[in-house]
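Fold and contact review
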Amino acid sequence: MHASPVPGTEGYADNAGQLITRYTGVIAADKYKVVSHLLPRRAGAVLDIGAGTGADSAWLASLGHKVVAVEPVAAFREAGMRAHASPDIEWVDDSLPALSVMTARETRFDLVVLAAVWMHLAAEERSAAMENIGQLLKPGALLVMSLRHGPAPENRRIFDVSASETIALAARHHLKVVLSAQAPSVQQQNRHAGVSWSWLVFQR
Ligand SMILES: C[S@@+](CC[C@H](N)C(=O)[O-])C[C@H]1O[C@@H](n2cnc3c(N)ncnc32)[C@H](O)[C@@H]1O
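Residues numbered from 1 in each chain as written. Predicted model: local features only at pLDDT ≥ 70, side-chain atom pairs only at ≥ 80, totals over all residues.

Looking only at helices and strands, the chain has eight helices and seven strands in total. Its C-alpha atoms give the chain a radius of gyration of 16 Å, within 12% of the compact-globule value 17 Å for 204 residues. Principal-axis analysis of the C-alpha atoms places the extent of the chain at approximately 40 × 35 × 35 Å. Contacts in the chain between residues far apart in sequence, at least 24 positions, make up 69% of those at least 6 positions apart. (Helix = DSSP H or I, 4+ residues; strand = E, 2+ residues; numbered from the N terminus. Rg over C-alpha atoms; globule rule 2.2 N^0.38 Å. Contact = placed C-beta atoms within 7 Å.)

Right under this line is the structure:
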């Protein structure tokens, strides 16, 4: 149990019931379309940070990967474990920027995904987080992230984060950009609200 809410998770636990239903309607394969040609074909170790209810983790596990799903909100972890029970998905209560549970382990990953998470962190948290994520990647491994642009839900902690500043931050941590693309939201409700996404892929 966290003594105070993990920075970035504000508003999620309060709306967990509604959000769990909403996340269930998103098809991960559609969401990852702009980056899927770059994802590792060979089964490997994947870390899904801010995994929510685990739809992406489940999709990645269905492709043959062993997935660690990191999620600080208990209601999401529990819903994810129920909806996507799998020996190929391990759920971990950990959070950015420190990722103290994951960094204490010896495990390194072939792929780290951060879908719709990065813009929940303040600038100094993003800087610390990039350092810690870089250390969890094997040499040659990929980091995939999506950044939300457009109107934010009222009770959520969301910063305006550009693709270019994220590319510059990653470069300072020796992660080179492989892809930078824009995509509309796959959720109709978000598309109508004017939400769009930057997708970034980095290689260590
Ligand atoms: C918009 S949801 C995205 C969930 C999932 N990645 C997806 O694409 O469906 C953002 C997720 O980031 C998580 N989150 C927020 N702040 C975080 C932090 N500091 N560390 C790790 N996860 C965080 C939230 O709990 C939530 O599950």
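The structure having been displayed, the exposition proceeds.
Around the ligand lies a shell of 22 residues, among which Gly-8, Gly-50, Gly-52, Ser-95 and Ala-115 are the nearest. Across the shell around the ligand, the residue classes tally to 14 nonpolar, six polar and two charged. (Near = placed C-beta within 6 Å. Nonpolar A, V, L, I, M, F, W, Y, C, P; charged D, E, K, R; others polar.)

Bringing unusual backbone geometry into the picture now. In terms of backbone geometry, most residues other than glycine have negative phi values and most peptide bonds are trans. Across the junction of Leu-96 and Pro-97, the peptide omega takes the value 5°, indicating a cis bond. Take Pro-97: it is sitting in the loop between strand E3 (89-92) and helix H5 (100-103). In the Ramachandran plot, Ala-116 falls in the positive-phi region, its phi being about 65° despite a non-glycine side chain. Take Ala-116: it is sitting in the loop between strand E4 (109-115) and helix H6 (123-136).

Pairing within the open sheet is mixed, and its seven strands lie in the order E3-E2-E1-E4-E5-E7-E6. Strand pairing shows two members of the sheet lacking a second neighbour, E3 and strand E6 (176-184), which therefore form its edges. Strand-to-strand, the axes of this sheet are offset by a mean angle of 15°, without reference to chain direction. Taken together, the five bridges between strand E1 (residues 45-49) and strand E2 (residues 66-70) define a ladder with parallel strand orientation. Following the sheet pairing, Asp-48 is matched in E2 by Ala-69. Of the strands in this sheet, E1, E4 and strand E5 (137-149) are in contact with H6, which crosses E5 at around 140°. (Pairing = 2+ DSSP bridges. Axes fitted to C-alpha atoms, helices over the stretch in contact; angles between N-to-C directions.)

By size, the foremost hydrophobic cluster in this structure holds 50 residues, and its most contacted members are Leu-47, Val-112 and Leu-143. Counting residues per element, the ones that place at least two in this core are E1, helix H3 (55-62), E2, E3, E4, H6, E5 and strand E7 (196-203). With seven residues, E5 is the single largest residue contributor to this core. Other than its neighbours up to four places away in sequence, Val-112 contacts Leu-47, Ile-49, Ile-133, Leu-136, Leu-137 and Leu-143. In terms of nonpolar packing, the next biggest core, distinct from the first, is built from five residues, Tyr-12, Leu-19, Phe-76 and Ala-79 among them. (Core = buried A, V, L, I, M, F, W, Y, C linked by C-beta atoms within 7 Å. Buried ≥ 20, exposed ≤ 12 C-beta atoms within 10 Å, placed from the backbone.)

For H6, built from 14 residues, the straight-helix expectation of 20 Å at 1.5 Å per residue is met to within 8% by its first-to-last C-alpha distance of 20 Å. Taken residue by residue, H6 has Arg-126, Ala-129, Met-130, Ile-133 and Leu-136 as its buried positions. Down the axis, H6 shows its buried residues gathered within 120° of arc, on one side only. Where H6 is buried, its residues contact E1, H5, E4, E5 and helix H7 (163-172). (Expected span 1.5 Å × (residues − 1). Arc of directions from axis to C-beta.)

Regular strands have side chains that alternate between both faces of the sheet. Alignment of E4 against E5, held across six bridges, turns out to be parallel. Of the residues in E5, the one forming a bridge with Phe-109 is Leu-137. Between E4 and its parallel partner E5, the chain crosses via H6, and the hand of that crossover is right-handed. Relative to E7, E5 is paired through eight bridges, and the arrangement is antiparallel. By the bridge assignment for E7, Leu-147 is matched with Ser-198. (Right-handed = clockwise from strand over helix to strand, strands pointing away.)

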